[in-house]
Amino acid sequence: MTIWQIILLASILVLAIKLLGYLVPPKLLASPRAARTAELTTVALLSALIVVQTAGIGQGLVLDARLPAVVVAAALFALKVPFVLVIIAAAACAAVLRAYGWS
Amino acid sequence: MAAEAERRAAWRASLAVALAVSAYGISFGALAVAAGLDILQTCVLSLVMFSGGSQFALIGVIASGGTAAGPAAIAGAALLGLRNGLYAIRVSPIIGPGWPKRLLAGHLTIDESTAVATAQPTLESQRIGFWATGALIYVGWNLTTLLGAVLGDQLGDVRQWGLDAAAAAAFLGLLWPRLTALQPIAVAVGAAVVATALIPVLPQGVPVLVAALVAVVVGLTNLFGVRPAEELDETGERP
């Protein structure tokens, strides 16, 4: 496959999945069990994505400057600091740690 | 006046989220070019795919496996994009009828637009939250993707700027407001444990989806949940 084929096929698939969701009747999520499962699915996906983004390195795990940065972010979110400031603080935390020789 | 305050709050949330997400579009642009994509290919991903998780997953696989890993890269991006389909079901009633509008909404249906929309108290503010967040991020994400791709070489190692940590923190910011009860907290912890255990043994993108099964199990059984009377469905039966 060429890079263009990969990019276009993947992009169309991801877009199609979004559009398909609008064809599903909202009633499907009307029952408490379905609504609860849908909400919890989002929680699980976000939580797993955090792990991947924090400790993932290809198909492997590593503890580097991202972990303290995420801990800082968690503390700031708990203190109800605005989203943008937390993101900047997390990036700055990782950048500073790396500047001092952390991986 | 309460409605005006809600509209303003929805706009404020949209702007804050859009600024933060757009900031790490730079990281995507730079990482994509580092993975071997050219600037146009990088921009097409942000314009058409427009789903950060899927985009990062795709370029991550290409970076390590090249074009030979194409099928895995496509599968990873699509599987990560499945949650957008779920978001679409959730925000569909907020968008309302009318196919042109729903097609456009479909393209803008991502973590952030769904999260901001569903966090608003009224239908009107939910609509503002969805469209403002989706449109602002679409513009911002594509501009910063281009900027990141062009600057890619000058930036050098994007990790040096902590851009990878910013991505993780942004996901945490989306998760945080959902952790309001024991059940979502239990699911978050369970999913994190499952993802951690599976990352080393499964292809990229797959651990996240397996971790989602934690939510399906807990959701269907209502494990760690409460069973108040209002949870009974219309027939009076417990679901």
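All values reported here derive from a predicted model rather than from experimental measurement. (Residues numbered from 1 in each chain as written. Chains lettered and ligands numbered in written order. Predicted model: local features only at pLDDT ≥ 70, side-chain atom pairs only at ≥ 80, totals over all residues.)

**Quick word on the overall build of chain B**
In terms of helices and strands, chain B carries 11 helices and 0 strands. When its helices and strands are written in sequence order, chain B yields α-α-α-α-α-α-α-α-α-α-α. For 239 residues, the compact-globule estimate of 2.2 N^0.38 gives 18 Å, and chain B sits close to it at 19 Å. If you line up chain B on its principal axes, its C-alpha atoms span 60 × 50 × 35 Å. Burial status across chain B gives 54% buried among its 239 residues. (Helix = DSSP H or I, 4+ residues; strand = E, 2+ residues; numbered from the N terminus. Rg over C-alpha atoms; globule rule 2.2 N^0.38 Å. Buried ≥ 20, exposed ≤ 12 C-beta atoms within 10 Å, placed from the backbone.)

**A word on the interface of chain B and chain A**
Taken together, the contact between chain B and chain A spans 85 residues of the former and 67 residues of the latter. Sorting the residues of the side of chain B that touches chain A by element identifies helix 1 (2-23), helix 3 (39-49), helix 4 (52-65), helix 5 (70-95), helix 6 (99-107), helix 9 (163-175), helix 10 (182-198) and helix 11 (206-221) of chain B as the ones contributing at least two each. Taken together, the residues of the side of chain B that touches chain A break down into 55 nonpolar, 22 polar and 8 charged. (Contact = placed C-beta atoms within 7 Å. Nonpolar A, V, L, I, M, F, W, Y, C, P; charged D, E, K, R; others polar.)

**Thoughts on the confidence of the model for chain B**
Residue and element names in this part refer to chain B. Per-residue pLDDT for chain B averages 86, and the proportion of residues at 70 or more is 93%. Contacts from residues 229-239, a stretch scored under 50 in pLDDT, to residues over four places away or in other chains number 9 contacts. The complex model carries a pTM of 0.72, and its ipTM stands at 0.84. (pLDDT = per-residue confidence, 0-100.)

**As for the environment of Phe224 of chain B**
All names here are of chain B. With respect to the element layout, Phe224 can be found in the segment after helix 11. Among the residues examined, Phe224 registers 15 C-beta atoms within 10 Å and is labelled partly exposed. Once the C-alpha coordinates of Phe224 and Leu182 are considered, the two residues, 42 residues apart in sequence, prove to be 6.5 Å apart.

**Quick notes on the nonpolar core**
Grouped together as the largest cluster of nonpolar side chains are 112 residues, with contacts concentrated most on Ala44, Ala48 and Ala90 of chain A together with Ala165, Ala166, Ala169 and Ala191 of chain B. Sort the elements by how many residues they give to this core and helix 5 of chain B lands first, with 16 residues. Leaving out residues up to four positions away in the same chain, Ala169 of chain B has contacts with Ala69, Val70, Ala73, Val86, Ile87 and Ala90 of chain A. (Core = buried A, V, L, I, M, F, W, Y, C linked by C-beta atoms within 7 Å.)

**Comments concerning helix 3 (residues 66-78) of chain A**
In a regular helix each residue adds 1.5 Å, so 13 residues correspond to 18 Å; helix 3 of chain A covers 18 Å between its end C-alpha atoms and thus fits that length. Taken together, the buried positions of helix 3 of chain A are occupied by Arg66, Ala69, Val70, Ala73, Leu76 and Phe77 of chain A. Projected onto a plane normal to the axis of helix 3 of chain A, the buried residues spread over an arc of 120° and lie on a single side. Exposed positions of helix 3 of chain A whose direction lies more than 90 degrees from the buried face are Ala75 and Ala78 of chain A. Buried residues in helix 3 of chain A make contact with helix 2 (32-55) and helix 4 (83-99) of chain A together with helix 9 of chain B. One or two steps after helix 3 of chain A, the chain reaches Lys80 of chain A, where phi turns positive at roughly 65°. (Expected span 1.5 Å × (residues − 1). Arc of directions from axis to C-beta.)

**Quick notes on unusual backbone geometry**
The phi dihedral of Phe50 of chain B falls on the positive side, at around 40°, and the residue is not glycine. In this fold, Phe50 of chain B is placed in the loop between helix 3 and helix 4.

**Re the packing of helix 2 (residues 25-34) of chain B against helix 3 of chain B**
Residues and elements named next belong to chain B. Here helix 2 crosses helix 3 at 135°, and the two axes come no closer than 9 Å. Between helix 2 and helix 3, the angle is such that the two are oblique. Where helix 2 crosses over helix 3, the handedness of that crossing is right-handed. Where helix 2 abuts helix 3, its residues Gly29, Ala32 and Val33 lie against Ile39, Thr42 and Leu45. Grouping the constituent residues of the contact of helix 2 with helix 3 by class yields 4 nonpolar, 2 polar and no charged. (Axes fitted to C-alpha atoms, helices over the stretch in contact; angles between N-to-C directions. Parallel < 35°, antiparallel > 145°, perpendicular 65-115°, else oblique. Left-handed = near helix turned anticlockwise from the far one by under 90°.)

**A look at the domain arrangement of chain B**
Residue and element names in this part refer to chain B. When cut into domains, chain B gives domain 1 (2-177) and domain 2 (179-239). Tallying the contact residues gives 9 residues for domain 1 and 8 residues for domain 2. Of all the secondary-structure elements, those providing two or more residues to the side of domain 1 that touches domain 2 are helix 4 and helix 5. Top element by residues in the side of domain 1 that touches domain 2 is helix 5. It accounts for 4 residues. Across the side of domain 1 that touches domain 2, the residue classes tally to 7 nonpolar, 2 polar and no charged. (Domains from an automatic or database assignment.)

**Details of the environment of Thr114 of chain B**
Residues and elements named next belong to chain B. Relative to the helices and strands, Thr114 is located in helix 7 (residues 111-118). Taking the number of C-beta atoms within 10 Å as the measure of exposure, Thr114 has 25 and is therefore buried. C-alpha of Thr114 to C-alpha of Trp131: the two residues are 17 residues apart in sequence and 9.7 Å apart in space. Aside from chain neighbours lying at most four places away, what touches Thr114 is Tyr87, Arg90, Val91 and Thr109.

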